[in-house]
Protein chains: 2
Amino acid sequence: MIFRIATRRDLPAVLALLADEDRVLDPASMPVGEEHERAFAAIESDARNEMLVLTDTDTDTEAGGGGTVVGCLQLTYIPGLGQGGQERALVEAVRVRADRRGEGLGAELMRLAAERARGRGCGLIQLTSNKRRTAAHRFYERLGFARSHEGFKLPLDRP
Amino acid sequence: MIFRIATRRDLPAVLALLADEDRVLDPASMPVGEEHERAFAAIESDARNEMLVLTDTDTDTEAGGGGTVVGCLQLTYIPGLGQGGQERALVEAVRVRADRRGEGLGAELMRLAAERARGRGCGLIQLTSNKRRTAAHRFYERLGFARSHEGFKLPLDRP
């Protein structure tokens, strides 16, 4: 497997993973809206954000990828005054393609993300998972994460 | 009250709030380490991070502040492909000075943070709170936050 920063050509595959966790959608059928282009460009150009993909080695190439995307996640590196001034890494948008579950790809994805964050000097990696997703909770606990916090969300209306 | 972006001169007061939630520490007695300087500069220079302080109006000034800091929080604006490409706002390091609790300053601080995030175009504001802090959980729920997620953390060793 190859774990690398997503490029614009991976965007349809990433949108397919995000759009439906339980079915395999054809990336070619995904509408890529102007809002997706803008958000992807924002992630790509931000030194503290990375959209990362896991791809099959045999179809990826050295020259910028293009392999079959089987998983993704976003890392945000957050500067802060605590923890001796170390950044913390926030994980969002973790997905493994529905037909590739049970191969340990999710664990590999998270291991690579933690390694990447550690290599950068982060003191902590954190994420939230919907309370309904109990299998995901066991998964994160098996990986060594402590379920120590309550996660709160508030949707904001348009100004 | 004034709600504004913290400047370098607020750093000792912010560190005093972060160092001990239950006691009022004298900002002048706070050691400001090189790691704090570096982290504060990283926050200050990042377009998607803001350290915000709530100060007493009567001691603050138009010219860059300097008033008594009674509360703080950090906002991180995270670009993402979901939610129509809107950013989400992450809240960290929420503190109200121990001797100023019970005046509604925490609610005011969170209201101003949500208003700021909404004004910027964020679709969501989110935070995590340690499971032991049950009073804080009721506080966030009163403010309209849904306790919908489990929060996971994993400390990372130095590389």
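Residues numbered from 1 in each chain as written. Chains lettered and ligands numbered in written order. Predicted model: local features only at pLDDT ≥ 70, side-chain atom pairs only at ≥ 80, totals over all residues. Heavy atoms only, no water.

A. Region of interest: unusual backbone geometry. Phi at Q83 of chain B is positive, roughly 50°, even though this residue is not glycine. By secondary structure assignment, the location of Q83 of chain B is in the loop between strand 3 (69-78) and strand 4 (88-96). (Helix = DSSP H or I, 4+ residues; strand = E, 2+ residues; numbered from the N terminus.)

B. Broad picture of the pairing of strand 5 (residues 124-130) of chain A. The element strand 5 of chain A is extensively covered by neighbouring structure, given that six of its seven residues are classed as buried. Pairing of strand 4 (residues 88-96) of chain A with strand 5 of chain A involves three bridges; the strand directions are parallel. Opposite A89 of chain A, over in strand 5 of chain A, you have I125 of chain A as the bridge partner. Taking the sense of rotation as the criterion, the β-α-β connection linking strand 4 of chain A, helix 3 (residues 105-120) of chain A and strand 5 of chain A turns out right-handed. Pairing geometry for strand 5 of chain A and strand 6 (residues 146-155) of chain B, over seven bridges, is antiparallel. Paired with T128 of chain A across the bridge in strand 6 of chain B is G151 of chain B. (Buried < 20%, exposed > 50% of the residue type's maximum accessible area, 1.4 Å probe, protein only. Pairing = 2+ DSSP bridges. Right-handed = clockwise from strand over helix to strand, strands pointing away.)

C. Structural context of the interface of chain A and chain B. The partner chain B presents 61 residues to the 61 residues of chain A that form the contact. Buried area between chain A and chain B, summed over both chains or domains, comes out near 5600 Å², and the portion from carbon and sulfur atoms is 61%. Sorting the residues of chain A by area buried against chain B places L81, F152 and L156 of chain A first, and these three jointly supply 18% of that buried surface. At the boundary of chain A with chain B, the tally comes to eight salt bridges. A salt bridge links E92 of chain A to R88 of chain B; its shortest N-O distance comes to 3.1 Å. Linking chain A with chain B are 28 residue pairs in polar contact (both at pLDDT 80 or more), by the criterion used here. Of the residues forming the side of chain A that touches chain B, the biggest block, ten residues, is contributed by strand 6 (residues 146-155) of chain A. Residue composition of the side of chain A that touches chain B, grouped by class: 28 nonpolar, 20 polar and 13 charged. Strand direction decides the pairing type here: strand 6 of chain A and strand 6 of chain B, joined by five bridges, are antiparallel. The residue bridging K153 of chain A from the neighbouring strand is A146 of chain B, located in strand 6 of chain B. (Contact = heavy atoms within 4.5 Å. Buried area = accessible area lost by both parts, 1.4 Å probe. Salt bridge = Lys/Arg side-chain N within 4 Å of Asp/Glu carboxyl O. Polar contact = N/O pair within 3.5 Å; in protein donor to acceptor, adjacent residues only side chain to side chain. Nonpolar A, V, L, I, M, F, W, Y, C, P; charged D, E, K, R; others polar.)

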